[in-house]
Amino acid sequence: MRPHGQDWQDAWSSVVRTARRTVADGLVVGTSGNVSLRVGQDTVLVTPTGVPYAELGGDDLCAVTLDGRQIAGDLTPTSELPLHLAVYRHTDAAAVVHTHAVHATAVSTLVDEVPAVHYIAGALGGPVRVAPYAPYGSHELAAHALAALRDRSGCLLRNHGTLTHGADLAQALDRTAQLEWLCRVWLAASSVPGRTPALLPPGEVERTAVRMRHYGQPPDG
């Protein structure tokens, strides 16, 4: 196994903290879901399979190359490794979060695209698509997810859950939370008897996506 230094340990600590946040925020139950972070050009730190996040420590660091070869750690990487690596190979993602969030998973069974009940979908690049079902851990699922992620930073996986990526773990996790909230809003609105939720006009979410590229405080300097 390749030796690793303090930078990897610091990065691994952030992976573990993010994984624990997914549990604390109710986005995953038990050992469902997984988190990863790209370090350098060709290395990914990823949570191991079947290990409760509360039990993960500094000695459990798990690292793989972009072709899936394990180069650090004794624990087996998540079964969703093909999903994570596909995102890194085909996007500019630096971090990936996958969850089984309740409301988003429910919505994934009902629609092919999350209804445009709120402009926050723009934070994910536009209308959020639902990737067709495929068995977990499969290359077929990874291919479906990549198609759903085209020009987007998040998607739903049919009968499965959520997938988001970002420039860092904080952004990827925030996008997961926003996606779950969006799905919860639509489910709440659509459950009112005799009423149909008003949706944003066609193109409005895309226009919001453009505006949100400049949202927040300007960078220093």
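Above this note sits the structure.
Numbering of residues begins from 1 in every chain and follows the order in which that chain's sequence is written. At least 70 in pLDDT is required for a residue's local features to be given in this predicted model, at least 80 for side-chain atom pairs to be given and counted, and no such filter applies to totals for whole chains, interfaces and linings, which use all residues. For side-chain calculations, the full set of non-hydrogen atoms in the structure is used, while hydrogens and water are omitted.

For the rest of this paragraph, the subject is the overall build of the protein. Elements are defined by DSSP. Helices are runs of H or I of four residues or more, strands are runs of E of two residues or more, and each kind is numbered from the N terminus. Across its full length, the protein carries six helices and eight strands. Ordered by position in the sequence, the α and β elements of the protein form the string α-β-β-β-β-α-β-α-β-α-β-β-α-α. Here the C-alpha radius of gyration of the protein, 17 Å, is about what a compact globule of 221 residues would show, namely 17 Å. Taken along the three principal axes of its C-alpha coordinates, the protein extends 60 × 45 × 30 Å. Within the protein, the proportion of its 221 residues that are buried is 48%. Two residues qualify as a contact provided that any one of their heavy atoms is within 4.5 Å of a heavy atom in the partner residue. In the protein, the share of contacts with a sequence separation of at least 24, taken over all contacts with a separation of at least 6, comes to 65%. Within the structure as shown, the protein displays about 11000 Å² of accessible surface, and the carbon and sulfur contribution to it stands at 53%. Both charge centroids of the protein, one from 17 positive and one from 21 negative side chains, sit 7 Å from each other. The globule rule used here is 2.2 Å times the number of residues to the 0.38 power, and the radius of gyration it is set against is calculated over C-alpha atoms. The rule is simple: take the accessible area with a 1.4 Å probe, protein chains only, and divide by the maximum for that residue type; under 20% is buried, over 50% is exposed, in between is partly exposed. Using a 1.4 Å probe, the Shrake-Rupley method yields the accessible areas, and only the shown protein chains count as cover for residues. Charge counting follows a simple rule: Lys and Arg are positive, Asp and Glu are negative, and His as well as the terminal groups are ignored. Where a charge lies is defined by one atom per residue type: Lys uses NZ, Arg uses CZ, Asp uses CG and Glu uses CD.

Moving on, we get to the pairing of strand β5 (residues 95–99). In terms of burial, β5 is a largely internal element, five of the five residues being buried. Residue alternation in β5 divides its side chains into two sets, Ala 95, Val 97 and Thr 99 and Val 96 and His 98, and both sets are buried. Of the strand pairs in this sheet, strand β1 (residues 34–39) and β5 are connected by four bridges, and their pairing is antiparallel. Within β5, the residue paired with Val 35 across the bridge is Val 97. At least two bridges found by DSSP between two strands are what make those strands a pair.

Before going further, it helps to spend a moment on helix α5 (residues 169–190). Any helix carries an expected span of 1.5 Å times its number of residues minus one. A rise of 1.5 Å per residue sets the reference length of α5, with its 22 residues, at 32 Å; its end C-alpha atoms lie 32 Å apart and thus fit the reference within 8%. On its buried face, α5 is in contact with α1 (6–24), β1, β5, α3 (102–108), β7 (154–157) and β8 (161–166). Here a polar contact is taken to be a pair of N or O atoms separated by no more than 3.5 Å, where protein atoms must pair a possible hydrogen donor with a possible acceptor and residues adjacent in sequence count only if both atoms sit in side chains. Capping of α5 at its N-terminal end is provided by Asp 168; its side-chain oxygen lies 3.3 Å from the backbone amide nitrogen of Ala 170.

The angle between two axes is taken between their N-to-C directions and runs from 0 to 180 degrees, where each axis is a line fitted to C-alpha atoms and a helix contributes only its stretch in contact. Two elements in contact, helix α2 (residues 81–90) and helix α4 (residues 139–148), have axes whose closest approach is 8 Å; the angle formed by their N-to-C orientations is 40°. The angle between α2 and α4 places the two elements in the oblique class. Relative to α4, the crossing made by α2 is right-handed. Residue-level contacts link Pro 82, Leu 83, Ala 86, Val 87 and His 90 of α2 to His 139, Leu 141, Ala 142, Ala 145 and Leu 146 of α4. Taken together, the residues of the contact of α2 with α4 sort by class into eight nonpolar, two polar and no charged. Angles below 35 degrees are treated as roughly parallel, those above 145 as roughly antiparallel, those between 65 and 115 as roughly perpendicular, and all remaining angles as oblique. Should the near helix be turned counterclockwise from the far one by less than a right angle, the crossing is left-handed, whereas a clockwise turn marks it as right-handed. For this scheme, ten residues count as nonpolar: Ala, Val, Leu, Ile, Met, Phe, Trp, Tyr, Cys and Pro. Four count as charged, namely Asp, Glu, Lys and Arg, and the remainder, Gly too, count as polar.

This part covers the environment of Gln 178. Structurally, the position occupied by Gln 178 is in helix α5. With a relative accessible area of 24%, Gln 178 lands in the partly exposed category. Separated by 110 residues in sequence, Gln 178 and Gly 68 place their C-alpha atoms 30 Å apart.

Within β1, five of the six residues are buried, which leaves it mostly tucked inside the rest of the structure. Pairing geometry for β1 and strand β2 (residues 43–46), over four bridges, is antiparallel. Within β2, the residue paired with Leu 37 across the bridge is Leu 45. Counted along the chain from β1 to the antiparallel partner β2, the turn is three residues long, and its residue Gly 40 has a positive phi close to 70°.

We now examine the nonpolar core. Residues Trp 8, Leu 45 and Leu 163 are the most contacted members of the largest nonpolar core, which totals 45 residues. Take the buried residues of types Ala, Val, Leu, Ile, Met, Phe, Trp, Tyr and Cys, join any two whose side-chain atoms come within 4.5 Å, and each joined set is a nonpolar core. With 19 residues, the next largest nonpolar core counts Val 111, Ile 120, Ala 121 and Leu 124 among its residues.

Another aspect to go through is the environment of Leu 182. Position of Leu 182 relative to the elements: it lies in helix α5. Residues Leu 182 and Arg 129, spaced 53 residues apart in sequence, show a C-alpha to C-alpha distance of 13 Å. Setting aside residues up to four positions removed in sequence, Leu 182 forms contacts with Val 114, Val 117, His 118, Ile 120 and Ala 121.

Geometry only, nothing functional implied.
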